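# An overview of the molecular structure
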Amino acid sequence: MSTQDSKRLRNPLKTARGLGSAKDGTQHFVVQRVTAIAMIPLVLYVVGLIVSWIGADYVAVRASVANPCNAVLLSAFLIAMFWHAKLGLQVVIEDYVHTPGLAIASQLAVVFVCVLAALASVLAIIRIALGA
């Protein structure tokens, strides 16, 4: 029997053995769902806040963002949004980028961009809130 014939007759479990643990995907799945659920009320709040700014001048919008409750909820929205985006893009890269070097570079770029954007956004809110 040739090696190709023996591979065809292998049990799927035998084929999967040695490819690493399958325990890590559950945490990723749960965290992605938790961020999605957290985004529901946060998105509604942010959309309501933005709608309330219609017709308002710069000073009023800045004062609204400087409100501690609004600053905290806007920061929570941004952190959850960028975290959720990072998790979603990670799955897309894992599923569709098959070149190992490109996949690693893409994953690093996604993490870097999401962390940098989240930090810049939260810093902007802090600066507005502190009046800087």
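All values reported here derive from a predicted model rather than from experimental measurement. (Residues numbered from 1 in each chain as written. Predicted model: local features only at pLDDT ≥ 70, side-chain atom pairs only at ≥ 80, totals over all residues. Heavy atoms only, no water.)

This part is about the overall build of the chain. Helices and strands together make up the secondary structure of the chain, namely six helices and zero strands. Starting at the N terminus and walking to the C terminus, you meet the elements of the chain as α-α-α-α-α-α. Taking all 132 residues of the chain together, 22% fall into the buried category. If you take every contact in the chain between residues at least 6 apart in sequence, the share linking residues at least 24 apart comes to 75%. (Helix = DSSP H or I, 4+ residues; strand = E, 2+ residues; numbered from the N terminus. Buried < 20%, exposed > 50% of the residue type's maximum accessible area, 1.4 Å probe, protein only. Contact = heavy atoms within 4.5 Å.)

So, about the environment of Ala-63. Here Ala-63 is to be found in helix α4 (residues 58-66). Each C-alpha atom of the pair Ala-63 and Gly-131 lies 9.2 Å from the other, and the pair is 68 residues apart in sequence.

Moving on, we come to the nonpolar core. Leu-74, Phe-77, Leu-78 and Ile-125 are the most contacted members of the largest nonpolar core, which totals 13 residues. Mapped onto this core, the elements with two or more residues apiece are α3 (24-52), α5 (68-96) and α6 (100-130). Considering each element in turn, this core owes the most residues, six residues, to α5. Excluding anything up to four places from it in sequence, Ile-125 contacts Val-65, Ala-71, Leu-74, Ser-75 and Leu-78. (Core = buried A, V, L, I, M, F, W, Y, C linked by side-chain atoms within 4.5 Å.)

Moving on, we get to the side chain of Gln-32. Tracing the backbone shows Gln-32 in helix α3. When near neighbours in sequence (up to four residues on either side) are disregarded, Gln-32 contacts His-84, Leu-87, Gly-88 and Val-91.

The subject of this paragraph is α5. With 29 residues, α5 extends 42 Å between its outermost C-alpha atoms, agreeing within 8% with the 42 Å of an ideal straight helix rising 1.5 Å per residue. When we look at burial in α5, the residues that qualify are Asn-70, Ala-71, Leu-74, Ser-75, Phe-77, Leu-78, Ala-80, Phe-82, Leu-87, Gln-90 and Ile-93. If you check the start of α5, you find a side-chain oxygen 2.9 Å away from the backbone N of Cys-69, and it comes from Asn-67. (Expected span 1.5 Å × (residues − 1). Polar contact = N/O pair within 3.5 Å; in protein donor to acceptor, adjacent residues only side chain to side chain.)

Attention shifts here to the side chain of Ser-75. Examined against the element boundaries, Ser-75 turns out to sit in helix α5. Residue class for Ser-75 comes out buried when judged on its relative accessible area of 13%.

With that settled, consider the packing of α5 against α6. Look at α5 against α6: their axes get within 10 Å of each other, and the N-to-C directions meet at 175°. Taken as axis vectors, α5 and α6 run roughly antiparallel relative to one another. In contact with Ala-71, Leu-74, Ser-75, Leu-78, Ile-79, Phe-82, Lys-86, Leu-89, Gln-90, Ile-93 and Glu-94 of α5, α6 contributes Ala-103, Ser-106, Gln-107, Val-110, Val-111, Cys-114, Ala-117, Ala-118, Ser-121, Val-122, Ile-125 and Ala-129. The class makeup of the residues in the contact of α5 with α6 is 16 nonpolar, five polar and two charged. (Axes fitted to C-alpha atoms, helices over the stretch in contact; angles between N-to-C directions. Parallel < 35°, antiparallel > 145°, perpendicular 65-115°, else oblique. Nonpolar A, V, L, I, M, F, W, Y, C, P; charged D, E, K, R; others polar.)

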